[in-house]
Amino acid sequence: MADNDPGSDSLWVGQSIVRVEDSALLTGRGRFIDDIGVHPGTLHAAFLRSPHAHADIVSMDVSQAMQARGVVAVLHGEDIKTLTSSLVVGVKAPVECWPMAVGRVRYVGEPVAIVVATDRYRAEDAIDLIDVRYGPHPAVVDPLKALSPEAPVLHDGFAGNVASDRSFRYGDPEQAFASAPHRISIDVSYPRNSCTPIETYGVVADYDPGEDAYDVLANFQGPFSIHAVLSRALKVPGNRLRLRTPPDSGGSFGVKQGVFPYIVLIAAAARAAGSPVKWIEDRLEHLTASVSATNRAISLAAAVTEDGRILALDWDQVEDCGAHLRAPEPATLYRMHGNLTGAYDIRHLKIRNRVVVTNKTPTGLNRGFGGPQVYFALERLVQRIALELGLDPLDVITRNLVPADAFPYRTASGALLDSGNYQEAVRRAVQEGALAELKSRRDAARAEGRLYGIGYTAVVEPSVSNMGYITTVLTPAERRKAGPKNGAQATATVAIDPVGSVTVHVASAPQGQGHRTVLSQVVADVFGLKPSDIRVNTEIDTAKDAWSIASGNYASRFAPAVAGTAKLAAERIAGRLQRIAASQLNTEAEDIAFSGGHVGSKRNPDNRLSFSRVAALSHWSPGALPDGVGHTIRETVFWSPPELTAPDEEDHINSSLCHGFIFDFCGVEIDRITLQTRIDRYVTMHDCGTILHPAMVDGQVRGGFAQAVGAALYEEYAYAEDGSFLTGTFADYLLPTTAEVPNPIILHMETPSPFTPLGAKGVGEGNCMSTPVCIANAVADAIRAKDLVLPLVPAKLAELVRGAEAAPPSRQTGEVKEKRAGDRKLSGQGEAVVAAEAQRIFDMLLDPDTLAAVIPGCHGVEKISDNHFRADVTLGIGPVKGRYRAEVKLSDLDPPKAVTLAGHAEGALGFGHGEGRITLRPVAGGGTAIHYIYEAAIGGKVASIGGRLLDGAARVIIGQFFAALARQAGGNASVPGNSVLARLRQWFGGQR
């Protein structure tokens, strides 16, 4: 690592030195989970996943899969139920939560079976041989509809679909609302999205029957409270579950907490197979079935004075945690419980929190973790207050900020805001970010008729979560029975080897944040060394390393907690080294300083020893240590701040240790024709306490900002009404690229935290909280909109700017029936000319042998009756290829002129149903024109690949069908006026 020498009197902390991690990562020498070697004989796993959002598993036949070449084991839900115990459910309720469907599936992509084979290819092939029959149920995907007594019920142990319903009251909100001249409210719906790390989940598991113990390597990020959940699920004591992390992780942003159900499944598979088992998730699996952020419906009201002062808030939140309430959920809802007043001095608070289950993927950690949902509602409300009272939004923000002389400030619901000067941060941002010039730009744009707006937001960014905040979901009586839970223990070990070299280990798995660089700076400052003298290990091994349930990399805890704990460990060793050096240099310990690789006298710089000589003494001559001085070989510190206490009897909770402050403003312009939103300028001011590495802090800000731009303008996990997942590829789940993400203007001020060893606060999540609503406020200002729903795609803005689009005219010719609501719809029509007579073509459409020859991917057609056929086909669409059982019925026969085909298909990757009308008419020259019109609907995994691929694939498959039909008839098929389709048929096998 290159050291940028700060000078003898300067500290390494606060310098932007070169990152030690980058050399390996930029030259392809990173060691991610899929790069780690495995034991000979390691098997590979693949999952069969549910195509239905809600269905009973009527039957499952795995016999053909078991007979497939290379297959060692096939496990289904009942097998997993035998090998494991239910995962912990996030609330007290008689509900089981299995990592694989047992008897019923509750979301598209839920694991139904696992195949273990000698390689992944054989495992995937065997998946297609599993025959599952489902009995579909109605699904519910809207959290508000899930509250209805008529909604389909997912779990019998919950009250309907409500897993938790708690109300809270702080201060006197009823009186505040009664006395306030204004009650201003807003209803918002925050959508689902995810941070989509470039590396997906990965697990390698082994089981030792002699020890009854598991050894698991997984790119899990923590919190390691999940270790207890895992050992319980695997039916072993915690000391018989070794959980290890790889050296590098290709991003996480919270998402890799959600790998833990697969740890259980792969470990169980290893036990059943008698060999180690490896599984690496593919991208379609990740988008469809890994965790995402929660979506939330919020009604929020404020009691407001004439000048915009907010006296009280009334929150009503309905949290959608998906199909299963897995630990640590409903943590997303309660992580911000102490911060529901944001950066504002509001003393009266009323809250109702309901947690519901729906037929969607279970949720988990995601960057921002509850903050985006809270601040989207709160900061949209602040703008609404300004709008309704005719005030400047910035004035409403500054009028309500926590006073600068009030810190540490206790919020109404219990958070202890550690430090800050929010007014000064706003003042600097306004001045240094040139807000006045931005307003002039807006005025000029509007004078020209352009749509231009400015948005503001002020948020508090919590970091270092209190492990006890989640227990706020329990009543005080339930908490007393369960026992207290609180704290945020961080762990660090500093060790010195026999030649005086320093090594640091922390129980925090980095995902790109630069842990090794920052820790080397922190410890180098304590010992007077260079960062390159410090070796840092961030791999975690629960069998060997010091760790606690709070260990892991989440809640922006690295800089304030983990790095601070490393400093404390180093200082303990340094204190003993001072006494050793003082005895050898004939001076007092207080006179000893560490500098430039030496330990010496402050008064007499020539009176000194090399650091390595003093540091190694414990190894070579422990008897020479002064009396009362312990060894200096290794020091492990477990640090938990006293400020993080358990919830009290009135449900006050300090849910996080420290709180940064962010003030953002931005200008956006919306193109009147395309309605595309362009960010003209974005200014973000951060007070994250002491900055340890300025360049990496700016990198964290930029990363959070980029993901927040995606949340604001592009990204959404979309579901059809029947629970089909609609955004399973990056063709439909749109991520912003560097072309769409502008360079934000990043500003800083530093107000050190009095609660952390280094004065640092978290900074990694803030813009995921502040930026979506800041952009939304700017868009609302530009188009004069009251209500907005993210993401702000042009189609949504078109309805706000131009009004709702008129419904398309109904079909007149060959109209087909409307399909089931909620499925992804496909429709089309076209014409092909075949050099054969109409009667011959008509007869071919009724002949099973001909149909078997012309249907793309068909393995065989069985004739059930004259007008009823059953087929077995394999179809590939984009990244999805699977085998389907299809049934087709013919009706409205008018031989040889017309026939209607209706049918349905079902397979491991999804299901579909549709209807089409084929008409035949002679053309000049002896051929026949075949006109077709169809409507179809599909669901399940195949629906997740996106409309663009599906529409194109449907046309290709139809082209293949008619080309094959023409070949069977002894002629050629042509599609007049559609040369693109003709070329597609050639590329995809239509012409052979």
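About the criteria used
- Residues numbered from 1 in each chain as written.
- Predicted model: local features only at pLDDT ≥ 70, side-chain atom pairs only at ≥ 80, totals over all residues.
- Heavy atoms only, no water.
- Buried < 20%, exposed > 50% of the residue type's maximum accessible area, 1.4 Å probe, protein only.
- Helix = DSSP H or I, 4+ residues; strand = E, 2+ residues; numbered from the N terminus.
- Arc of directions from axis to C-beta.
- Contact = heavy atoms within 4.5 Å.
- Polar contact = N/O pair within 3.5 Å; in protein donor to acceptor, adjacent residues only side chain to side chain.
- Phe/Tyr/Trp six-rings, centres within 6.5 Å; stacked < 30°, edge-to-face > 60°.
- Pairing = 2+ DSSP bridges.
- Axes fitted to C-alpha atoms, helices over the stretch in contact; angles between N-to-C directions.
- Salt bridge = Lys/Arg side-chain N within 4 Å of Asp/Glu carboxyl O.
- pLDDT = per-residue confidence, 0-100.

Draft legend 1. Looking closely at helix H12 (residues 393-400). Along H12, the residues classified as buried are Leu394, Val396, Ile397 and Asn400. Around the axis of H12, the buried residues are gathered within 160 degrees of arc, so they sit on the same side. Structurally, H12 contributes buried residues whose contacts are with strand S14 (310-320), helix H11 (371-389), helix H13 (422-432), helix H14 (435-447), strand S18 (451-465) and strand S26 (656-670). You can read the cap of H12 off the contacts: a side-chain oxygen lies 2.8 Å from the backbone nitrogen of leucine 394, and it is on aspartate 392.

Draft legend 2. Representation of the packing of aromatic side chains within the structure. One pass over the structure, following the stated rule, counts 20 aromatic pairs. Each ring, one from tyrosine 262 and one from tryptophan 279, has its centre 4.6 Å from the other, and the planes form 25 degrees; the classification is stacked. Note that tyrosine 262 is positioned in helix H8 (residues 260-273) and tryptophan 279 in strand S12 (residues 277-280), a separation of 17 residues in sequence. For tyrosine 262, a relative accessible area of 3% corresponds to the buried category. Judged by relative accessible area, which is 0%, tryptophan 279 ranks as buried. Judged by centre distance (5.0 Å) and plane angle (70 degrees), the ring pair of tyrosine 717 and tyrosine 733 falls under edge-to-face. With tyrosine 717 in the loop between helix H20 (694-713) and strand S28 (745-748) and tyrosine 733 in the loop between H20 and S28, the pair connects residues that are 16 residues apart, well separated along the chain. On the accessibility criterion, tyrosine 733 (0% relative accessible area) is buried.

Draft legend 3. Just the sheet that holds strand S25 (residues 634-639), in detail. The strand order across the open sheet formed by four strands is S21-S20-S19-S25, and the pairing between neighbours is mixed. Each edge of the open sheet carries a strand with a single partner, namely strand S21 (534-537) and S25. Taking each pair of neighbouring strands and ignoring which way they run, the sheet shows an average axis angle of 15 degrees. With four bridges connecting them, strand S20 (residues 502-506) and S21 associate as parallel partners. Directly across from valine 502, in S21, lies its bridge partner isoleucine 534. Packed on one face of the sheet, helix H16 (residues 515-527) meets strand S19 (490-496), S20 and S21 and runs near 140 degrees to S21.

Draft legend 4. Quick peek at the sheet that holds strand S23 (residues 598-601). Judged by pairing direction, the sheet is antiparallel, and its three strands sit side by side in the order S22-S23-S24 without closing on themselves. At either end of the open sheet lies a strand with only one pairing partner, and these are strand S22 (592-595) and strand S24 (608-610). Averaged over all adjacent pairs, the angle separating strand axes in this sheet is 20 degrees, with direction ignored. In terms of strand pairing, S23 meets S24 through three bridges, oriented antiparallel. Across the sheet, the residue bridging to histidine 598 is serine 610, located in S24.

Draft legend 5. Representation of helix H23 (residues 838-845) within the structure. Of the residues making up H23, those classed as buried are Ala838, Ile841, Phe842, Met844 and Leu845. Projected down its long axis, H23 carries its buried residues within an arc of 160 degrees, all on one side.

Draft legend 6. Structural view of the pattern of salt bridges. Within the structure shown, the criterion is met by 51 salt bridges. Between arginine 678 and aspartate 680 there is a salt bridge; the shortest N-O distance is 3.2 Å. The exposure class of aspartate 680 is partly exposed, given its relative accessible area of 22%. A salt bridge links glutamate 887 to arginine 870; its shortest N-O distance comes to 3.0 Å. Here glutamate 887, found in strand S32 (residues 880-894), pairs with arginine 870, found in strand S31 (residues 868-877); they are 17 residues apart in sequence, far enough to count as distant. You can call arginine 870 partly exposed: its relative accessible area is 35%.

Draft legend 7. Region of interest: the confidence of the model for the protein chain. Counting all residues, the mean pLDDT for the protein chain is 91, and 92% of those residues have values of 70 or more. Below a pLDDT of 50 lies the segment residues 811-821, which in the model reaches 27 contacts outside its immediate sequence neighbourhood of four places, other chains included. A low-confidence stretch, residues 975-992 stays under pLDDT 50, and its non-local contacts, those more than four residues away or across chains, total 24 contacts.

Draft legend 8. Quick peek at unusual backbone geometry. Cis geometry marks the peptide bond from alanine 327 to proline 328; its omega dihedral reads 5 degrees. On the secondary structure map, proline 328 appears in the loop between S14 and helix H10 (331-334). Here the residue pair leucine 790 and proline 791 is connected by a cis peptide bond, since its omega of -10 degrees sits within 30 degrees of zero. Considering the arrangement of structural elements, one finds proline 791 in the loop between helix H21 (766-783) and helix H22 (794-802). Non-glycine residue threonine 196 carries a positive phi angle of around 40 degrees. Judged by its relative accessible area of 11%, threonine 196 falls in the buried class. A positive phi angle, close to 65 degrees, is found at valine 464, a residue other than glycine. With respect to the helices and strands, the residue valine 464 is situated in strand S18. Valine 464 sits in the buried class, given a relative accessible area of 0%.

Draft legend 9. Molecular detail of the environment of arginine 557. Among the structural elements, arginine 557 can be located in the loop between S21 and helix H17 (558-585). In sequence terms arginine 557 and leucine 568 are 11 residues apart; their C-alpha atoms lie 16 Å from each other. Among residues more than four places away in sequence, those in contact with arginine 557 are Val464, Ala488, Gln489, Ala490, Ala550, Ser551, Gly552 and Val562. Only 3.0 Å separates the side chain of arginine 557 from the backbone oxygen of glutamine 489, close enough to count as a polar contact.

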